[in-house]
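An overview of the molecular structure
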Amino acid sequence: MWLKDSSIGRKFIMSLTGMALIFFLLFHGTMNLVVVFSEDAYNAICQFLGANWYALVGTLGLAFLIFVHFSYALYLTFQNRAARGNDRYAVRGKKEGVDWESENMLVLGFCVLGFLLLHLYNFWFKMQLAEITNGATAPEELATNGAYYVKALFTTGGCGIAYCCLYLVWLSALWLHLRHGAWSALHTLGWNNLKWMKRIKVLGVIIATLTVLPFAIVVLYYLGMNIGIY
Amino acid sequence: MDQYIDIKVRVWRQAGPKAQGHFETYELKHVFQGASFLEMIDILNEQLVEQHKDPVTYDHDCREGICGMCSMYVNGHPHGPDSAITTCQLHMRKFHDGETITVEPWRSRAFPVIKDLMVDRGAYDKIMQAGGFVSVNTGGVPDANAIPIPKPVADEAMDAASCIGCGACAAACKNGSAMLFVAAKVSQLALLPQGKIEGAARAKAMVAKMDELGFGNCTNTGACAAECPKSVSLANIARLNREFLCAKFKD
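The next thing to look at is the overall build of chain B. The helix and strand inventory of chain B stands at 9 helices and 7 strands. Here the C-alpha coordinates of chain B stretch approximately 60 × 40 × 35 Å along the principal axes. Looking at chain B residue by residue over its 251 residues, the buried ones come to 53%. For chain B, restricting intrachain contacts to residue pairs at least 6 apart in sequence, the fraction spanning at least 24 positions comes to 69%. Element-wise, carbon and sulfur atoms account for 53% of the exposed surface of chain B, whose accessible area totals about 11,200 Å². Between the centroid of the 26 positive side chains of chain B and the centroid of its 29 negative side chains there is a distance of 7 Å.

In structure tokens:
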């Protein structure tokens, strides 16, 4: 199968799964932003998604996407290291125009994944999973009260500030990952040429920023609330 | 003004393909900055021969930047710290008095070291043999205007064709990927009407050969294009991706 056996096929899979995950994040981030304007509206969204069949199918789809994206990343990195040969260069000069993040996508990916597990524990565990297990992991009556959990996480004293900082670090890693990932995904699909090279890189930064910004706004909003600015 | 400088050269010495390599440092006194880098290695080798030592083996041929034979990783850069040149076009004025210059061979699984700084780049020839040509019998030369080709397209094909197959792209790539080379070779033909006909088969065959020979997977870091002595553009890689994916979807 060329999607597994050819280098461009493997990159094609990385590109497609990556873009699908960006779309999910855009969707997720937009919904999060609602909590800043109205907690009731946000909880209505939590209610609407909750543990309904379509939300469960979506969750399974996402888990599959992340699994494919990550296992291909490991597979590609393993192959690429082998392709370098046994001896490494003693001196590695800085290559002009080569961004740090493009050479450290796996490291950034691990950062994103590590925080993702924490994030799942913070929210998914207490919300969707609580609903599925009829309250075995957290009180069921709070399962669709997303605003309560967001507030509880980010606004409870020093622990809340620490969580805000952790989430901001996570979002920065994600931004860097997407800054290379977004344009690279388009390039891998062949959607690039001499004229579009610069435009597509700018587009990549815009996509990365638009994806991460809504999440960051929510964290900063609650950080401000925590330290008592308003 | 070019001056005479004293330098130390830290060279990778490896007796053969299977031997364990190591660095050896040599002192060179009174090297003229107007000398080319390869001339400096020649001076070093003369010194080594006088001392009854084994001279440093390295590849070179035209010494004017068009054959693609010279292949040294100098101070962390393929073809040295200057941009858009080959090692033979590098001059000692890029280095200063008292500097230690580190010289390594290309390091890639697909380019095994033969001896010292010389590597076997036959892998690139094998990729070319897999499809980097137009398979028609040569007959009489047709009139140049018989097939009109827009100037920008002709220019882009020519820029892709400027690739000299030196291997700097795979050597610079942290993934050991040969995508820029294959992309240039696919592009120079895919852009022109004569080459378009076999475009799909060519892209598939050359990529398959590249993967078979143990080159890595491209992750679009752009190190290849940054270090390419002929400034072959990264945009060619997008074209190769496009050609390959379209060919696979047509199947």
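Okay, the domain arrangement of chain B next. All names here are of chain B. Examined at the domain level, chain B breaks down into domain 1 (4-114) and domain 2 (121-136 + 145-250). The centre of domain 1, based on its C-alpha atoms, is set 29 Å off from the matching centre of domain 2. At the interface, 20 residues of domain 1 touch 19 residues of domain 2. Interface area for domain 1 against domain 2, summed over the two sides, is near 1,500 Å², with a carbon-plus-sulfur share of 55%. When the buried surface of domain 1 facing domain 2 is broken down by residue, Pro78, Ala110 and Phe111 rank first, second and third, together holding 32% of it. Linking domain 1 with domain 2 are 1 salt bridge, by the criterion used here.

Right, let's talk about the pattern of salt bridges for a bit. If the charged atoms of two oppositely charged side chains come close together, the side chains can form a pair. Counting across every chain of the model gives 19 salt bridges over all chains. As a salt-bridge pair, A:Glu39 and A:Lys151 come within 3.2 Å of each other at their nearest N and O atoms. Here the residue A:Glu39 occupies a position in helix H3 (residues 39-49), and A:Lys151 occupies one in helix H8 (residues 146-154), the gap between them amounting to 112 residues. B:Glu104 serves as the salt-bridge partner of B:Arg107, at 3.1 Å between the closest nitrogen and oxygen. The pair B:Arg107 / B:Glu104 is uniform in exposure class, with both members buried. Sharing partners across several salt bridges, the network here consists of B:Arg13, B:Asp54, B:Lys115 and B:Asp116.

The rules behind the values
Residues numbered from 1 in each chain as written. Chains lettered and ligands numbered in written order. Predicted model: local features only at pLDDT ≥ 70, side-chain atom pairs only at ≥ 80, totals over all residues. Heavy atoms only, no water. Helix = DSSP H or I, 4+ residues; strand = E, 2+ residues; numbered from the N terminus. Buried < 20%, exposed > 50% of the residue type's maximum accessible area, 1.4 Å probe, protein only. Contact = heavy atoms within 4.5 Å. Areas by Shrake-Rupley, 256 points an atom, 1.4 Å probe, with all protein chains shown as cover. Lys, Arg positive; Asp, Glu negative; His and termini not counted. Charge placed at Lys NZ, Arg CZ, Asp CG, Glu CD. Domains from an automatic or database assignment. Buried area = accessible area lost by both parts, 1.4 Å probe. Salt bridge = Lys/Arg side-chain N within 4 Å of Asp/Glu carboxyl O.

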